[in-house]
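Residue strings, one per chain:
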Amino acid sequence: MSLATASASATRTPIQLLQAAWKRIAPLELADTTWDNVGVMIEAPFPKKDARTVLLTIDLTIDVCKEALALPNCSLVVSYHPPIFSGLKSITLDNPLQGSLLKLAARGISVFSPHTSLDSIEGGINTWLASPFSDAASSMTPIQPKFPNPSTAPAHLAQHASAGMGRIVTFQDNKAMSLDEIVEKVKHHLGLQHVQLARPAASSTAPERITSLAICAGSGGSLFKRVSADCYLTGEMSHHETLAMTQQGKSIIACNHSNTERPYLAGVLREWLEREMTEEDGQGEGWEVVVSEMDRDPLEVV
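Residues numbered from 1 in each chain as written. Predicted model: local features only at pLDDT ≥ 70, side-chain atom pairs only at ≥ 80, totals over all residues. Heavy atoms only, no water.

Our next topic: the overall build of the chain. Helix and strand counts for the chain stand at ten helices and 13 strands. Computed over C-alpha atoms, the radius of gyration of the chain comes to 21 Å, within 12% of the 19 Å expected from 2.2 N^0.38 for 302 residues, which places it in the range of a compact globule. Counting across all 302 residues of the chain, residues that qualify as buried make up 51%. Residue pairs at least 24 apart in sequence account for 70% of intrachain contacts in the chain once pairs closer than 6 positions are excluded. (Helix = DSSP H or I, 4+ residues; strand = E, 2+ residues; numbered from the N terminus. Rg over C-alpha atoms; globule rule 2.2 N^0.38 Å. Buried < 20%, exposed > 50% of the residue type's maximum accessible area, 1.4 Å probe, protein only. Contact = heavy atoms within 4.5 Å.)

Here it is in structure tokens:
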């Protein structure tokens, strides 16, 4: 790194370093911005410039906020789910979420949310969720491609030409699986003892073996309307969506919304982001990325 580049890095704030690093991980143009809200959620007016710790979380809850405030060198929170989805008419301490954002900003901590930009990329959450089935797959493609014709991807996004929402896995003819085999693979991959399973209605015509699997981290109901598969894997679906599919001979595996996302933070993103932030900073001092210990799915099986 030249002296000029090093000097430029030294003048950038932590959130500016993160924005630059994130362009190499999952450019925000790949998010589904027809409904999603990605990028900087709140920028600290007086950032901790010498603090090189990032806290990773799925949701920015009150407990996660307290965790970030207790980390002495934390200057950034990367919250996968955006804590701000729509326009705000005011920001006050009366609202717990808004209060968390205010407290973080007052302590020099900025908040960034990648959400569906991280869903869409190869190597992102959905391809990671599909990874236990990669050895048996004949194909694994997005359910909703970002670029239906990959050759039309802008030059700066050429490496992400195959990006898109969800994944549809088609198994090789001799590697179709039973529903129970798929369930066990999912539980092992996500570290879960239990999942919710909706089997095909008894009166339906269901395949004996699963030859195709549609995957969407989080909530997959609306995306699944775009594709037909023998089985659907997601975090959650509505009662009526689930009922309609089982009547058609389909199976659904639901794991609770954020259970399909959270293990990716420690398993993939932590080291990746740490590496990219250290490279982007270029000051010789490495960044530390910490996965929240307070972040958890609000629903549990009891």
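Moving on from the coordinates now.
Turning to helix α3 (residues 62–70), a few remarks are in order. Those residues of α3 that sit buried are V64, C65, E67, A68 and L69. The elements touched by buried residues of α3 are β2 (53–57), β3 (74–79) and α4 (96–106).

Another aspect to go through is the nonpolar core. Among the nonpolar cores identified, the biggest contains 54 residues, and L18, W22, L118, F171, I253, L269 and L273 are the most heavily contacted of them. If we skip the residues at most four places from it in the chain, L273 touches L18, W22, I25, V54, L56, V78 and V289. One finds L55, L60, L69 and L101 within the second-largest nonpolar core, a separate group that totals 16 residues. (Core = buried A, V, L, I, M, F, W, Y, C linked by side-chain atoms within 4.5 Å.)

Time to look at the UniProt feature "binding site: a divalent metal cation" (unreviewed entry) in the chain. Following the UniProt record, one finds the feature "binding site: a divalent metal cation" (unreviewed entry) at H81, D119, H257 and E261. Annotated residues spanning 181 residues; largest pairwise C-alpha distance 13.6 Å, indicating a single compact cluster. Checked against the element boundaries, H81 lands in the loop between β3 and α4. H81 has contacts with I58, D59, S113, H115, H257 and E261, leaving out every residue within four places of it along the chain. Note on placement: E261 falls in the loop between β12 (251–254) and α10 (262–281). Beyond its immediate chain neighbours, meaning those up to four positions away, E261 contacts I58, Y80, H81, I125, A217 and G218. Of the polar contacts made by the side chain of E261, one reaches the side chain of H81; its length is 3.3 Å. (UniProt positions renumbered as here; feature names shortened; annotations may be inferred. Polar contact = N/O pair within 3.5 Å; in protein donor to acceptor, adjacent residues only side chain to side chain.)

With that settled, consider the packing of aromatic side chains. Under the counting rule described, the total for this entry stands at five aromatic pairs. Centre to centre, the rings of W35 and F85 are 6.4 Å apart; their planes meet at 25 degrees, and the pair counts as stacked. A residue pair is termed long-range when its members are at least 10 positions apart, and W35 in the loop between α2 (14–25) and β1 (39–42) and F85 in the loop between β3 and α4 qualify at 50 residues. For W35, a relative accessible area of 47% corresponds to the partly exposed category. (Phe/Tyr/Trp six-rings, centres within 6.5 Å; stacked < 30°, edge-to-face > 60°.)

Looking at the element boundaries, K250 is found in the loop between α9 (239–247) and β12. Of the buried charged residues, K250 lacks a salt bridge, with D230 as the closest side chain of opposite charge at 4.9 Å. Only 3.2 Å separates the side chain of K250 from the backbone oxygen of A229, close enough to count as a polar contact. Not counting residues within four places of it along the chain, the set of residues in contact with K250 comprises A198, R199, P200, S228, A229, D230, Y232 and M245. (Lys, Arg positive; Asp, Glu negative; His and termini not counted. Salt bridge = Lys/Arg side-chain N within 4 Å of Asp/Glu carboxyl O.)

This brings us to the packing of α3 against α4. Relative orientation of the contacting elements α3 and α4 amounts to 10 degrees, with a least axis distance of 10 Å. Of the possible angle classes, the one that applies to α3 and α4 is roughly parallel. Note on element contacts: α4 touches α3 through P96, S100, K103 and L104, opposite I62, C65, A68 and L69. Grouping the constituent residues of the contact of α3 with α4 by class yields six nonpolar, one polar and one charged. (Axes fitted to C-alpha atoms, helices over the stretch in contact; angles between N-to-C directions. Parallel < 35°, antiparallel > 145°, perpendicular 65-115°, else oblique. Nonpolar A, V, L, I, M, F, W, Y, C, P; charged D, E, K, R; others polar.)

Glancing now at the sheet that holds strand β5 (residues 137–141). Strand order in the open sheet formed by six strands is β5-β8-β10-β11-β12-β9, with mixed pairing between adjacent strands. If you trace the sheet from one side to the other, it starts and ends with β5 and β9 (196–198), each paired once. Each strand of the sheet is rotated relative to its neighbour by a mean of 15 degrees, with strand direction disregarded. The sheet contact formed by β9 and β12 spans three bridges and is antiparallel. (Pairing = 2+ DSSP bridges.)

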